[in-house]
Amino acid sequence: MTPYSINDNGAARTNSAEDAPATDRMATPDQHNLSVQGSDHAVDTEFLIIGAGPAGAALACFLGSHGLKGIMISSAPGTANTPRAHITNMAALECLRDIGLYDELVKLGSKGAGHMQHTRWCHSMAGEEYARIYSWGNDPRRKGDYELASPCEHFDLPQTILEPFLVRHANLKGFNCHFDTTLISFFTDSTTGLIIAKIRDNMSNHEYQIRTRYLFGADGARSEVVKQLSLPLAVQPSQGIAFNVLVKADLSHLIKNRTGNLHWVMQPDREHPNFGWIGIVRMVKPWNEWMFILFPDRNYDRSQKSPSKEEYQRRVQEFIGDETPTEILDISTWYINEIAAEKYSEGNIFCLGDAVHRHPPLNGLGSNTCIQDAFNLAWKVAYVHKGLASPSLLSTYSIERQPVGHSIITRANQAYRDHFLLWRALGMLPTDLSVRKQILEELKSATPEGSNRRRALHAAIKHTAHEFHGLGVEMNQHYDSHGIYTADEPNPYAPSGRVAEDNVLYHERSTYPGSRLPHAWLNKANPAEPISTIDITGHGAFTILSGIGGERWKKAAETVAERLKVPIRVHTIGFRQDWEDVYFEWESLRGVEESGAVLVRPDRFVAWRAPEVPQDTGACESRLLKVMRFILGYVEV
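Residues numbered from 1 in each chain as written. Predicted model: local features only at pLDDT ≥ 70, side-chain atom pairs only at ≥ 80, totals over all residues. Heavy atoms only, no water.

> Before we move on, can you summarise the overall build of the protein chain with the specific residues and values?
Across its full length, the protein chain holds 21 helices and 30 strands. Its C-alpha atoms give the protein chain principal-axis dimensions of about 80 × 65 × 45 Å. Counting across all 637 residues of the protein chain, residues that qualify as buried make up 58%. Across the protein chain, every contact between residues at least 6 apart in sequence was considered, and the portion connecting residues at least 24 apart equals 73%. Summed over its atoms, the accessible surface of the protein chain is roughly 26000 Å², and 49% of this surface lies on carbon and sulfur atoms. Taking the average location of the 65 positive side-chain charges in the protein chain and that of its 75 negative ones, the two points are 1 Å from each other. (Helix = DSSP H or I, 4+ residues; strand = E, 2+ residues; numbered from the N terminus. Buried < 20%, exposed > 50% of the residue type's maximum accessible area, 1.4 Å probe, protein only. Contact = heavy atoms within 4.5 Å. Areas by Shrake-Rupley, 256 points an atom, 1.4 Å probe, with all protein chains shown as cover. Lys, Arg positive; Asp, Glu negative; His and termini not counted. Charge placed at Lys NZ, Arg CZ, Asp CG, Glu CD.)

> Tell me about the sheet that holds strand 16 (residues 241-248), residues and numbers included.
As summarised here, the arrangement of the 7 strands in space is 9-8-17-18-19-16-20, forming an open sheet in which the pairing is mixed. Strands at the two margins of the open sheet, each flanked by one partner only, are strand 9 (129-134) and strand 20 (327-335). Adjacent strand axes in the sheet meet at a mean angle of 20°, parallel and antiparallel pairs treated alike. (Pairing = 2+ DSSP bridges. Axes fitted to C-alpha atoms, helices over the stretch in contact; angles between N-to-C directions.)

> For a negative patch on the surface, give the residues involved together with the corresponding values.
On the surface, Glu587, Glu593, Glu594 and Glu612 cluster together to form a negatively charged patch. Inspection of the secondary structure assignment puts Glu594 in the loop between helix 20 (585-589) and strand 29 (597-600). (Patch = residues over 30% accessible without salt bridge, like charges linked within 9 Å, V, L, I, M, F, W, Y side chains within 5 Å. Salt bridge = Lys/Arg side-chain N within 4 Å of Asp/Glu carboxyl O.)

> Tell me about the pattern of salt bridges, residues and numbers included.
With the rule as written, the count across this model stands at 28 salt bridges. The salt bridge involving Glu289 is made with Lys285; its shortest N-O contact spans 3.7 Å. Since its relative accessible area comes to 14%, Glu289 is described here as buried. Taking the relative accessible area as the measure of exposure, Lys285 reaches 40% and is therefore partly exposed. Among the ionic pairs, Lys343 bridges to Glu346, the shortest N-O distance being 3.6 Å.

> Help me get a handle on a nonpolar patch on the surface, residues and values and all.
Side chains of Trp521, Val582 and Tyr583 sit close together on the surface and give an oily, nonpolar patch of about 310 Å² of accessible area. Topologically, Val582 is positioned in the loop between strand 28 (568-572) and helix 20. Relative accessible area serves as the criterion here: at 37%, Val582 is assigned to the partly exposed category.

> Help me get a handle on helix 12 (residues 366-385), residues and values and all.
In a regular helix each residue adds 1.5 Å, so 20 residues correspond to 28 Å; helix 12 covers 29 Å between its end C-alpha atoms and thus fits that length. Most of helix 12 sits inside the fold, with 19 of its 20 residues counted as buried. Positive backbone phi, approximately 80°, marks Gly387, located one or two places after helix 12. (Expected span 1.5 Å × (residues − 1).)

> Please provide a residue-by-residue account of the side chain of Asp201, values included.
Looking at where Asp201 falls in the secondary structure, it is placed in strand 13 (residues 195-201). For the buried Asp201, no salt bridge exists, and the shortest N-O distance to an oppositely charged side chain is 7.9 Å, to Arg200. A distance of 3.0 Å separates a polar atom in the side chain of Asp201 from the backbone nitrogen of Met203. (Polar contact = N/O pair within 3.5 Å; in protein donor to acceptor, adjacent residues only side chain to side chain.)

> Talk me through helix 15 (residues 448-463); I want residue IDs and the actual numbers.
The terminal C-alpha atoms of helix 15, which comprises 16 residues, lie 22 Å apart, in line with the 22 Å expected from a rise of 1.5 Å per residue. Considered for burial, the residues of helix 15 that qualify are Gly450, Arg453, Leu457, Ala460 and Ile461. Projected onto a plane normal to the axis of helix 15, the buried residues spread over an arc of 100° and lie on a single side. Projecting away from the buried face of helix 15 at angles above 90 degrees are the exposed residues Pro448, Arg455, His458 and Lys462. Considering only its buried residues, helix 15 is in contact with strand 8 (118-122), strand 9, helix 13 (395-426), helix 14 (433-442) and helix 16 (465-468). (Arc of directions from axis to C-beta.)

> Tell me about the packing of aromatic side chains, and name the residues and values.
The full count for this structure, using the stated rule, is 28 aromatic pairs. Measuring from centroid to centroid gives 5.8 Å for Trp264 and Phe295, while their planes differ by 10°, and the two rings are stacked. With Trp264 in strand 17 (residues 262-265) and Phe295 in strand 19 (residues 289-295), this pair connects stretches of sequence that are 31 residues apart. Residue class for Trp264 comes out buried when judged on its relative accessible area of 2%. Ring centres 6.1 Å apart and planes at 90° place the aromatic pair Tyr416 and Phe420 in the edge-to-face group. (Phe/Tyr/Trp six-rings, centres within 6.5 Å; stacked < 30°, edge-to-face > 60°.)

> Tell me about the side chain of His169, residues and numbers included.
Following the sequence through the fold, His169 ends up in helix 8 (residues 159-172). Apart from the residues lying within four places of it in its own chain, the contact partners of His169 are Cys61, Ile99 and Leu101.

> Provide a residue-level description of the sheet that holds strand 10 (residues 155-156), including the pertinent values.
With antiparallel pairing, 3 strands are arranged side by side in an open sheet as 6-10-7. Where the open sheet ends on each side, the last strands, each with one partner, are strand 6 (87-88) and strand 7 (110-111). As paired elements, strand 7 and strand 10 share 2 bridges and run antiparallel to each other. Looking across to strand 10, one finds that Lys111 is bridged to Phe155.

Structure (structure tokens):
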């Protein structure tokens, strides 16, 4: 296997065979719970992750937080060499916060009004602006929504920084990572039930086997695991091709009055190369590294000769609009896909991330959804592996996450389609240059046509809020599976208020079972550092949140936890309880009486709630036991 190590700054580098420790080339039993079988050149492990991107590396981190160890391989020569994903949202950050990584990641990312205040549409980076919109929680009318939704905040963290950080943490937690290593095939041994994976070290071409109890396909859009497992895919027609041009260019002199990390560039009054019709100039490192995402026009022929580096350089310079020196660091191609797997797992083989949902980067949902897939899956695998839950719990992974994957590929592609309204208003669609010039002139004319076009432009810009302030699509995931107990609810789940009107823009905080646990700030009677409801839950355990009069839940939880050998913590919230509801926010969110209970799963989704505590202590324990057994899969659905 190709040896890799991690530099102090978190970047992966290749080591020579001479200076690589033996443990980097092959895991030892003591360190990674593996054993090398010399007779058949096989390696044994409990967990084998294929892919070391955001999905695979996050899964390794989450499994490691449960004390589990294994192997992670990647056919790539190292961690991501281009920025790719970058917007990191609150839903994903709450997962990483659970294992103590949030504060470190905040230091690595670019956040707030200084970097992410606007998305812009302009003629060039140095030139005239057509419009701008507040983005990522920076709209004064939406800031409160974001602050109420989570203790975390959005930031821009390129995949080139996030990925090696996660790989390094996974390695420290017991996952041995090997790059330049390819999965060739796998099958399940009918006698032992083990999955036998055939692996090739790409550097030496040496082939060997890894025997594992669980196999995870986090190997991206060309997933070999999905392919060999023959998971059914729902495929919509591709919306075309795009080119990523990574550029080193100091644009700090342009940014003072153009603050933002996304800048759409359109030049309807000029001829354009067919490979670079319009583009997005995306911040990578403020303000001297940028990704120029070029979209071809509809006449572009994919089979024709690829543009030269000089042609890309010229287009980049036109999009900048002045003589700023530039250096192209990398050029890559990607496709605007709309593909979702119809199921995510089979037996002890699970797929996650881009392997099962493939879409353009609009709305910034890619790596965020990958991380949430991993968080949902990890605690379930850990509980089943440790004998704390029935294997049937594992089926809830696909049931819960597949609808989420389908919704995000639909939203991301719709966000891309929504931009056609804007391109039409600005005159980008006609092929005739004189027509495009006329439309651009019309935008400033005091005519009915000009007025109508300006209204169309304003409406199109306003509608992009669904992309740049899509708090709902980021946070509204609602699960409906036998990992959730709803039998005590008098009514079925139904969104309300603004969410019922627009579930993309707005987030509903609710404790209805299947919902994300709402965030509320808590403190002590003698004030100390504030703490979120998010922080007193999770961390690998079930949690009951109750209040005054709910003391019986503590005794019930102790009894049930001892019987099931499952960790159940209890926190009371209210006047002179374990935690003070300092803003009375939890009182408005809890959805039960003071003595009631909100049961939260290890992934911080509400599993069940009781409106009030039963007067009979025995009834309290028996009810909780029944609910826990149902959630853990011991009761037939």
